[in-house]
Amino acid sequence: MSLHLEHLNPEQLAAVTLPDQHALILAGAGSGKTRVLTTRIAWLLKSGAVSPAGVLAVTFTNKAAREMLARLTAMLPVSPRGMWIGTFHGLCNRMLRAHHREAGLPQSFQILDTADQLAAVKRLLRGANVDEDRFPPKDMQYFFNARKEEGLRAGEVPVSDAIARRHVELYAAYDAQCQREGVADFAELLLRSYELLRNNEVLREHYASRFRHILVDEFQDTNRLQYRWIRLLAGTSARVFAVGDDDQSIYAFRGANVGNMAEFERDFGVQKVIRLEQNYRSHGNILDAANALIAHNRNRLGKNLWTATGEGERVRVYEGESDVEEARFLVEETQALAREGRRYADMAILYRSNAQSRVIEHALFGAGISYRVYGGLRFFERAEVKHALAYLRLAANADDDTAFLRVVNFPARGIGARTLENLQDAARARGASLHASIDALGGKAGGALAAFRALIGSMREQTRGLQLAETVEHVVARSGLVEHYRAERDGADRVENLSELVTAAAAFDVEEATAGLETGQGDVEAVPVDPLTAFLTHAALEAGEHQAGEGQDALQLMTVHSAKGLEFDAVFLTGLEEGLFPHEQSVMERDGLEEERRLAYVAITRARHRLYLSFAQTRMLHGQTRYNVPSRFFDEIPEGLTKWLTPRFAGRRRAAVPSFAPAQAAPKLKGFGRPEGAGGFRIGQNVTHNKFGAGVIVDAEGHGNDARVQVNFGRQGVKWLAVGVAKLQAA
DNA sequence: GTGAGGCCCCTTTTT
DNA sequence: GGGGCCTCAC
């Protein structure tokens, strides 16, 4: 076994070879975090401190788990089987399947993804006659998940007023509905697994004595419940090795709690905090820009990245007149880089929000540059695939009401809203599932429902004993989905995806997916595995890689969030405008600006050799033109590190431009379409005012000297000024 | 019961 | 500008 310890720097080596104790590793961007994590595991095994079965390593994404597994496999002489390596949800799922009885779940319980959960919540609210304007389904979904992530069941949530009481009642009803239907949402996987360990001493002791070493990746992204789960699992004897970077915490909005890092230090009495500060990715100027920016955050554990690779090029800055101009610049510049011999796949265009990609895509498409957009719908989330999966879920468990409602009338088979309302009433009255309540309805509607029940029944019968792929093929064929989509104008892709689903089932390795689940007879963790359930679980927990364009030389487009963990030779960080980045809605939130700054930090540290920052004076967003002020983040990067490709702020007196300036959406031009309308001024023009400083005209009315213009002065506010009175000057 | 057109809203995202 | 959802007309 070759660990190549000689290639590690002193801090990395210290982390890898740390004696038997808890540790917190503050691993800066590009500091070799994954390498340290995997080498640590290999070192523990090699030194005989632990056997593979005593190791549990947990990550956030399937991708990170796969990466870790691949590196370990390459490093170890033996297969890493026996170790528990996976995502929080994957590991909790595994535990719940093994101990489903103790956890109070059916062995083949189904997992609701976010969309399934929302559908289930809507159904609940409608059934309970809840006013959806007062209790929006999305808000309720958020409420349930937030409580679960705090580890609270309905009975434990403090109630202060009537509204809160209603929330809690609905929370209880939602959980009861899930329980009745034998389904669990994502947060439930964690909470149920946590409760299982908490309430069952035998199991807790079993796992506490099994896992000697627990390693946690991206620790800054853990939420409170995940942290408590780790604490419980570690018990008093396991050692926890937590790796994270508080400066890269960008998921507070979905419950991540950076505070877990400090809490971990305290709760576990961590003796050793190791900082990995040498960056192996970026050139000096890029790193200095990142460091200078993040230094503006107050709440930091403190860390300063350095590099031995030299300062490299300056950070290039570009100002466009419009988003279209900015996109044109991106096209020209990436083409120029390509001519110099760089691969498009080594360049990335990053943006704050997905809506920004459209203009860029349009320009790239026009120029014939092949590109790949990350994010968006993934394979198992596509409507047609989810429909097919719903039929499969019903074949496995006919009481799955979410799946039932999804396809009972898709393709259309004459079962309308009225019929379903009646059926739901009947089911509620009996406390039974929809499927089990079909007999309650007679007449024509009852007949159509009975036919559907027969279809599901025959799917179940006829797939008994078949291989997984045959099962999927049979169910897809009988569902009528293929005929339905064939008849649609643009249905070809969907038909294609349905056959792709059969292929995915054939390629699905049941053995691998369930490795270690079916252990020896009498083993406490043993669990019989049904391939269909394994496949459906895989579909829910791993929505599928973004397909298409993998491996070809395509320019990479993605949000800053999805760029985390990746690196590129050249990075274009676009749309650096107040209101967009930092986003106006974040600026309002507590600690929101700091998270935006960390986001910018993550973006900047993705670049190896070359970094571009760009912004535009005007941008079309949500169908309206907005006139923007450059991002305050420009003020936070020392001038000496940058090189402006356009005149610095194009004549704007940057110093006077305030750092808080929510972007203004300009109303439709009120008879003010001509460029020189209001006393020589035009919308979008930069102006200065003696008292308010620099600003930009966002609206106007009237003509000549009677005209009034609305000016966005950023922090000084937005003012209407009479052109004839206010001494406005063109900037 | 079904499909077409109107209306609303609009960060970030993994499991 | 555009996608999802709802209402309305057949």
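What counts and what doesn't
Residues numbered from 1 in each chain as written. Chains lettered and ligands numbered in written order. Predicted model: local features only at pLDDT ≥ 70, side-chain atom pairs only at ≥ 80, totals over all residues. Heavy atoms only, no water. Patch = residues over 30% accessible without salt bridge, like charges linked within 9 Å, V, L, I, M, F, W, Y side chains within 5 Å. Areas by Shrake-Rupley, 256 points an atom, 1.4 Å probe, with all protein chains shown as cover. Salt bridge = Lys/Arg side-chain N within 4 Å of Asp/Glu carboxyl O. Lys, Arg positive; Asp, Glu negative; His and termini not counted. Charge placed at Lys NZ, Arg CZ, Asp CG, Glu CD. Helix = DSSP H or I, 4+ residues; strand = E, 2+ residues; numbered from the N terminus. Buried < 20%, exposed > 50% of the residue type's maximum accessible area, 1.4 Å probe, protein only. Near = heavy atom within 4 Å. Polar contact = N/O pair within 3.5 Å; in protein donor to acceptor, adjacent residues only side chain to side chain. Nonpolar A, V, L, I, M, F, W, Y, C, P; charged D, E, K, R; others polar. Core = buried A, V, L, I, M, F, W, Y, C linked by side-chain atoms within 4.5 Å. Contact = heavy atoms within 4.5 Å.

Caption draft 1: Representation of a negative patch on the surface in the model. A cluster of like negative charges, contributed by Glu 488, Asp 490, Asp 493, Glu 496 and Glu 500, occupies part of the molecular surface. Looking at the secondary structure, you find Asp 490 in the loop between helix H21 (481-486) and helix H22 (492-507). Overall, the relative accessible area of 64% leaves Asp 490 in the exposed class.

Caption draft 2: View of the protein's contact with DNA strand B. The environment of DNA strand B is formed by 30 residues, the closest being Asn 62, Thr 114, Thr 559, Ser 586 and Glu 589. Put simply, 54% of the atoms of DNA strand B that lie within 4 Å of the protein are in sugar or phosphate. Asn 354 places a polar main-chain atom, nitrogen or oxygen, 2.9 Å from a phosphate oxygen of DNA strand B. Elements supplying a minimum of two residues to the surface near DNA strand B: helix H18 (417-430) and helix H25 (560-563). The dominant element in the surface near DNA strand B, judged by the number of residues it contributes, is H18, at 3 residues. Split into classes, the residues belonging to the surface near DNA strand B amount to 7 nonpolar, 17 polar and 6 charged.

Caption draft 3: Quick peek at the nonpolar core. Within the largest apolar cluster, 60 residues are counted, with the highest numbers of intra-cluster contacts made by Ile 214, Trp 229, Leu 233 and Phe 264. Considering every element that reaches this core, the biggest residue donor is helix H11 (residues 224-234), with 7 residues. Contacts of Phe 264, omitting those with residues within four sequence positions, involve His 22, Ala 23, Leu 24, Phe 219, Tyr 227, Val 240, Ala 242, Gly 269 and Val 270. Judged by nonpolar contacts, the second largest core, of 47 residues, contains Val 385, Leu 392, Ala 426 and Val 502.

Caption draft 4: Representation of the protein's contact with DNA strand C in the model. Neighbouring DNA strand C are Lys 122, Arg 126, Arg 358, His 622 and Gly 623. Backbone atoms, meaning sugar and phosphate, make up 36% of the atoms of DNA strand C lying within 4 Å of the protein. The contact in question runs from a base oxygen of DNA strand C to an N or O atom on the backbone of His 622, over 3.1 Å. Grouping the amino acids of the surface near DNA strand C by side-chain chemistry returns no nonpolar, 2 polar and 3 charged.

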